[in-house]
Amino acid sequence: MNVPWLAAGVALALAAATPTHAERLIVSVSNHRVTVTPNYAGEELVLFGSVERDAQAPTTRTSYDLVVTVMGPRADMVTRRKERRFGIWINTDSRQFLKVPGYLALFANRPFEAIASPEVQRRQQLGLNNVLLTQRVGPDYADVVPNDAFRSAFVRLQSQHGLYREDTSAVTFLTPTLFRTGIPLPAAVPIGTYEVEIKLFADGALVTKTETAFEIVKIGFEQFVAGAARQYGLVYGVVTTLMALMTGWMASIVFKRD
């Protein structure tokens, strides 16, 4: 057996099976490290980039579509249903969401239904209704239909705090191949690493995609408190309890009535 020829044949077969992209995305964000201080009130990053085409790119393509998905650090969250009984509001049911993004934003240059078919939208998770949000449903783990009461309530509450958002006019093509979009970060933005996925579409199909990232960190006294709570949980709890008791004792002395 001629091993070199066999190796060459395998390499050619793998090269033929590996899809090649006639376009590629070059992207960057205006700030890869956002610092949160005590007076932080939110800010907006800018994502900008370009579509680079090679000789293999179809000459019939005159325009592109772009979808940007920003996901913040993941965590388990709970949505509770409250009902009024006997004159008071009580929790009657709840649903746990597992490892869902603390921040989720989807931006595009036009409506998702104009970019791709419903099947492609579901497969590529275009739009809040198509992003997978895994829940604990009894003994099972699954995503549910978009109009599920708990899922709808969870997305609505996150949207009210500016943590979940969808804007199909946020991406602007400055030229046929140059684009930009803003990434608004509210004051209540979670601390951690943020993943940014950029997908390029043409004629309803995904052409190529790329990723970048940025992080949000606390500095100063807030960083010290967060680090102490994380590394020395027991000591932190004891100290905060003593501080609360001391504050209450001092308040009782100041406002003591004769």
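Higher on the page you've got the structure.
Before going into details, it helps to say that this report is about the structure given with it. None of these values were measured; they are calculated from a predicted model. (Residues numbered from 1 in each chain as written. Predicted model: local features only at pLDDT ≥ 70, side-chain atom pairs only at ≥ 80, totals over all residues. Heavy atoms only, no water.)

### A closer look at the overall build of the protein
Counting secondary structure elements, the protein contains six helices and 14 strands. Of all 258 residues assigned to the protein, the portion counted as buried reaches 33%. In the protein, once contacts between residues fewer than 6 apart in sequence are set aside, the share between residues at least 24 apart is 68%. On the protein, roughly 16000 Å² of surface is accessible, and the fraction owed to carbon and sulfur atoms is 58%. (Helix = DSSP H or I, 4+ residues; strand = E, 2+ residues; numbered from the N terminus. Buried < 20%, exposed > 50% of the residue type's maximum accessible area, 1.4 Å probe, protein only. Contact = heavy atoms within 4.5 Å. Areas by Shrake-Rupley, 256 points an atom, 1.4 Å probe, with all protein chains shown as cover.)

### As for the sheet that holds strand β14 (residues 205-218)
On the basis of which strands lie adjacent, the open sheet formed by six strands has the order β2-β14-β13-β4-β7-β10 and mixed pairing. Pairing within the sheet leaves two strands with one partner each, and these edge strands are β2 (33-36) and β10 (164-167). Sheet twist, expressed as the mean angle between neighbouring strand axes with direction ignored, is 15°. Pairing between strand β4 (residues 65-71) and strand β13 (residues 192-202): seven bridges, direction antiparallel. Bridging from a neighbouring strand, V67 pairs with K199 of β13. (Pairing = 2+ DSSP bridges. Axes fitted to C-alpha atoms, helices over the stretch in contact; angles between N-to-C directions.)

### Some points on the environment of I26
By secondary structure assignment, the location of I26 is in strand β1 (residues 23-29). Judged by relative accessible area, I26 falls into the partly exposed class, the value being 34%. Other than its neighbours up to four places away in sequence, I26 contacts F48, G49, S50 and E52.

### Describing the sheet that holds strand β3 (residues 43-53)
What holds strands together in a sheet is hydrogen bonding between their backbones, with the strands either parallel or antiparallel. What the four strands build is an open sheet, ordered β1-β3-β12-β11; its pairing is antiparallel. Edge positions in the sheet fall to β1 and β11 (172-173), since each has one partner strand and no second. Both β3 and strand β12 (residues 178-185) contribute to a ladder of eight bridges, which runs antiparallel. Residue L45 lies in a different strand from β12, and its bridge partner there is I183.

### What about the pattern of salt bridges?
If you walk through the whole model with that rule in mind, you get seven salt bridges. A salt bridge links R110 to D65, with the shortest nitrogen-to-oxygen separation between them at 2.7 Å. Placement of the pair is R110 in the loop between β7 (104-108) and α2 (112-115) and D65 in strand β4, with a sequence separation of 45 residues. A relative accessible area of 5% means that D65 is categorised as buried. In the salt-bridge network here, residues are joined through shared partners; they are E197, K199 and K209. (Salt bridge = Lys/Arg side-chain N within 4 Å of Asp/Glu carboxyl O.)

### Digging into the environment of E211
The residue E211 is located in strand β14 in this model. As a C-alpha pair, E211 and S28 span 183 residues in sequence and 9.4 Å in three-dimensional space.

### Topic: the side chain of Q135
With respect to the helices and strands, Q135 occurs in strand β8 (residues 135-137). If we skip the residues at most four places from it in the chain, Q135 touches R95, Q96, F97, L98, D140, Y141, A142, D143, V144, D148 and R151.

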